[in-house]
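# Commentary on secondary and tertiary structure
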Amino acid sequence: MILITGGAGFIGGNFVHHWFERCARLGLPEEPVVVFDKLTYAGNPHTIGEHLQAGRATLVQADIADREAVRQALAPHRPRAILHFAAERHVDRSIHGPGEFIHTNMVGTFSLLEEARAYWNSLEGADKDGFRFLHVSTDEVYGSLSDTDPAFSETTPYAPNSPYSASKAGSDHLVRAYHHTYGFPTLTTNCSNNYGPYHFPEKLIPLMILNALDGKPLPVYGDGLNIRDWLYVRDHCEAICQVLEKGRLGETYNVGGINEIKNIDVVTTICRKLDALRPRADGQPYESLITYVKDRPGHDRRYAIDPTKIQSEIGWKPAETFESGINKTVQWFLDHTDWIDTVRSGAYRDWLDQNYAERA
Ligand code: NAD
Ligand code: TYD
């Protein structure tokens, strides 16, 4: 079996769905998973409810920084791999309160690495040789590009600009050092912006969809010309499966969609999809809700990934275009009001007040 930290979050939860669908599609035995998740505001067991109920997935609610809890999870389950998704990951929250980011992304990753290394050392033979620790990271560790800079490759120097990206960079360095120093069998993926089902609605795409449906302003930071490289979340999940199978130990693989889009174009695309699928009662286009607001401090201008290494070495490439992925995403949010209700708690509304009131 495999152990997935952060498996009740957006990408980890999609990964759990992808894992079992992939086993079925490829005719592989249904390999069970243990989800190790603290269930912060971003963690939602409903996301993986069907797999928990079916007994294919087991949930351990605990903090990766709690070494005793990690030890207690590893000993009985004896995973052949740990996939490490758990993180604090919203840049705006890291600006308001970086402490949680240092705790989870750096101290938590360190604690997990220590316990995982001790567990790996207790293995023997093929179990030890086959064990993998796959660290899921972000392209934001490379900093910001100008319009003419080449896309990030695996050799681009690290230059993180936000407390979030700095804490992820720290965790990447620890993972790298554990391979280099101890021979611990690591793999690292650095991925561009994901979008898709189960995306927590504080991030650009789900926030815009839900605000639009509620008839609320669509808050575009600064001039709206910042660029992100968008990847449909299931394409990311498949990349992780393939790196787990074929990746070379100690290596890093950049994962991206070759889908560079300006924020304002992402927002207008969503508006037009909603105009077609769910026209407003007053007949106005959703674009009339777009509101430019005060920019994010230190806002990175452009991210772009050069996926040459993962394409040539692993053979992975994305299946979805932005057009096909955003169609699926908008339709998913229209169809899953039950899931949306489970994440829009009082704490979620408090965050919206905190982040957007001061930008007005
Ligand atoms: P998310 O916030 O949706 O999910 C994170 C999960 O981790 C949640 O379920 C949360 O409860 C859990 N968690 C948080 N702190 C924990 C702790 N101390 N111990 C145990 N569990 C804890 O995040 P996501 O968007 O799914 O991101 C997953 C990973 O992918 C992160 O490492 C992130 O840096 C990376 N990543 C994300 C993106 C993106 O666009 N979302 C892009 C590239 C890389
Ligand atoms: P986000 O989804 O927070 O991801 P990241 O900061 O990790 O790239 O933001 C994506 C882009 O959208 C980023 O340039 C900031 C911008 N943005 C807005 O313009 N308005 C918003 O309300 C949010 C949340 C983000």
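All figures in this text were calculated on a predicted structure; none of them were measured in a lab.

## Quick word on helix 1 (residues 10-25)
With 16 residues, helix 1 ought to run about 22 Å at 1.5 Å a step, and its terminal C-alpha atoms sit 22 Å apart, in line with that. The buried fraction of helix 1 is high, at 13 of 16 residues. Directly after helix 1, the chain includes G27, whose backbone phi takes a positive value near 70°.

## Remarks on the pattern of salt bridges
Two side chains with opposite charge may pair up if their charged atoms get near one another. Using the criterion set out here, one finds 25 salt bridges in the structure. Across the salt bridge formed by R89 and E202, the nearest N and O atoms sit 2.8 Å from each other. With R89 in the loop between strand 4 (81-84) and helix 4 (91-96) and E202 in the loop between strand 7 (193-195) and helix 8 (204-213), the pair connects residues that are 113 residues apart, well separated along the chain. Across the salt bridge formed by K273 and E323, the nearest N and O atoms sit 2.7 Å from each other. Of this pair, K273 sits in helix 10 (residues 263-277) while E323 sits in helix 12 (residues 322-335), and the two are 50 residues apart along the sequence. Relative accessible area serves as the criterion here: at 15%, K273 is assigned to the buried category. According to the relative accessible area criterion, E323 is partly exposed, its value standing at 44%.

## Re the site of ligand 1
Neighbouring residues of ligand 1: 28 residues in total, closest I11, D37, Y164, K168 and N194. One of the backbone nitrogen or oxygen atoms of V136 is found 3.4 Å away from an oxygen atom of ligand 1. In isolation ligand 1 offers 830 Å² of accessible surface; the protein chains occlude 98% of this area. Breaking the shell around ligand 1 down by element, the ones donating at least two residues are helix 1, strand 5 (132-138), helix 7 (163-182) and strand 7. The element contributing the most residues to the shell around ligand 1 is strand 5, with 3 residues. When its residues are assigned to classes, the shell around ligand 1 shows 13 nonpolar, 10 polar and 5 charged.

Calculation criteria
- Residues numbered from 1 in each chain as written.
- Chains lettered and ligands numbered in written order.
- Predicted model: local features only at pLDDT ≥ 70, side-chain atom pairs only at ≥ 80, totals over all residues.
- Heavy atoms only, no water.
- Helix = DSSP H or I, 4+ residues; strand = E, 2+ residues; numbered from the N terminus.
- Expected span 1.5 Å × (residues − 1).
- Buried < 20%, exposed > 50% of the residue type's maximum accessible area, 1.4 Å probe, protein only.
- Salt bridge = Lys/Arg side-chain N within 4 Å of Asp/Glu carboxyl O.
- Near = heavy atom within 4 Å.
- Polar contact = N/O pair within 3.5 Å; in protein donor to acceptor, adjacent residues only side chain to side chain.
- Areas by Shrake-Rupley, 256 points an atom, 1.4 Å probe, with all protein chains shown as cover.
- Nonpolar A, V, L, I, M, F, W, Y, C, P; charged D, E, K, R; others polar.

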